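Each chain is listed here by its residues.
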Amino acid sequence: GDGRGGGAERQYFRSQTCLPVDRDDMDYDSDDDVDDEWQIQQAEQLLNDFVDVTAKEKAFMCMWNRFVHRHAILADFQVPAACEEFARLHGAELAQRGLRDELVFHLLGMWDFNLLTKDQIAACITMMDSPDAAAAAA
């Protein structure tokens, strides 16, 4: 023999939880199932637990975090386009919910970290305030 056929069968384990894999589930790894909504809700609950943040700031950050979760920003150079897209998609909702200033403060924070230029901030604000953004959300 080749030494591989022995009497004992090999035991396999899940990649993330290290739980044993049942013989019937060898072709399926439940660790690959990710409940995005659950993760988002958990993050929002943690955000809502902050006491030194206003309700408007929390509402804005929930919107921003959901956007970033769906539109992965993997590098600094992607930040300006992502901010413009966020302003275009959510500008009207931000205005309706009174969260316009929160976006502006967020953009200024990104400017502080050299992620945006003043021209890119102006473009985002223009995008958010444009009638096209309002029409898209209606």
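Residues numbered from 1 in each chain as written. Predicted model: local features only at pLDDT ≥ 70, side-chain atom pairs only at ≥ 80, totals over all residues. Heavy atoms only, no water.

### So, the packing of helix α3 (residues 79-96) against helix α5 (residues 118-129)
Working step 1: At a minimum axis separation of 7 Å, α3 and α5 run at an interaxial angle of 30°. For the element pair α3 / α5, the angle class is roughly parallel. In terms of crossing hand, the pair formed by α3 and α5 is right-handed. Contacts between α3 and α5 involve Pro80, Cys83, Glu84, Ala87, Arg88, Gly91 and Leu94 from the former and Gln120, Ala123, Cys124, Met127 and Met128 from the latter. (Axes fitted to C-alpha atoms, helices over the stretch in contact; angles between N-to-C directions. Helix = DSSP H or I, 4+ residues; strand = E, 2+ residues; numbered from the N terminus. Parallel < 35°, antiparallel > 145°, perpendicular 65-115°, else oblique. Left-handed = near helix turned anticlockwise from the far one by under 90°. Contact = heavy atoms within 4.5 Å.)

### Some thoughts on the environment of Leu19
Working step 1: Mapped onto the elements, Leu19 comes out in the segment before α1 (36-48).
Working step 2: With near-sequence residues (within four places) excluded, Leu19 lies in contact with Tyr12, Phe13 and Arg14.

### As for a nonpolar patch on the surface
Working step 1: Together, Phe105, Leu108 and Trp111 line one region of the surface with nonpolar side chains, adding up to about 330 Å² of accessible area.
Working step 2: Within the secondary structure, Leu108 is located in helix α4 (residues 100-112). (Patch = residues over 30% accessible without salt bridge, like charges linked within 9 Å, V, L, I, M, F, W, Y side chains within 5 Å. Areas by Shrake-Rupley, 256 points an atom, 1.4 Å probe, with all protein chains shown as cover. Salt bridge = Lys/Arg side-chain N within 4 Å of Asp/Glu carboxyl O.)

### Concerning the packing of aromatic side chains
How two aromatic rings sit relative to each other is set out by the distance from centre to centre and by the angle between their planes.
Working step 1: If you walk through the whole model with that rule in mind, you get four aromatic pairs.
Working step 2: Ring centres of Phe60 and Phe86 lie 5.8 Å apart, and the angle between their planes is 90°; on these two criteria the pair is classed as edge-to-face. Within this pair, whereas Phe60 is found in helix α2 (residues 55-70), its partner Phe86 is found in helix α3, the two being separated by 26 residues in sequence. Of the two residues, Phe60 and Phe86, neither departs from the other in class, the shared state being buried.
Working step 3: Consider the rings of Phe67 and Phe86, whose centres lie 5.3 Å apart with planes at 70°: the pair is edge-to-face. Remark: Phe86 occurs in helix α3 and Phe67 occurs in helix α2; sequence separation between them is 19 residues. A single burial state applies to Phe67 and to Phe86, both of which are buried.
Working step 4: An aromatic cluster is present here, built from Phe60, Trp64, Phe67 and Phe86 joined pairwise through their rings. (Phe/Tyr/Trp six-rings, centres within 6.5 Å; stacked < 30°, edge-to-face > 60°. Buried < 20%, exposed > 50% of the residue type's maximum accessible area, 1.4 Å probe, protein only.)

### Overview of the layout of surface pockets
With a probe scaled to a water molecule rolled over the atoms, the places where space remains empty come into view.
Working step 1: Of the pockets and cavities examined, the largest pocket occupies roughly 240 Å³.
Working step 2: Glu57, Phe60, Met61, Glu102 and His106 are, among the 10 residues lining the largest pocket, the residues nearest its centre.
Working step 3: Of all the secondary-structure elements, those providing two or more residues to the lining of the largest pocket are α2 and α4.
Working step 4: Here the element with the most residues in the lining of the largest pocket is α4; it accounts for four residues. (1 Å grid on protein atoms, 1.4 Å probe; cavity = no way out; pocket = protein on both sides within 12 Å on 5 of 7 lines; lining within 4 Å. Points joined across faces, edges and corners; volume = space filled by probe spheres on them.)

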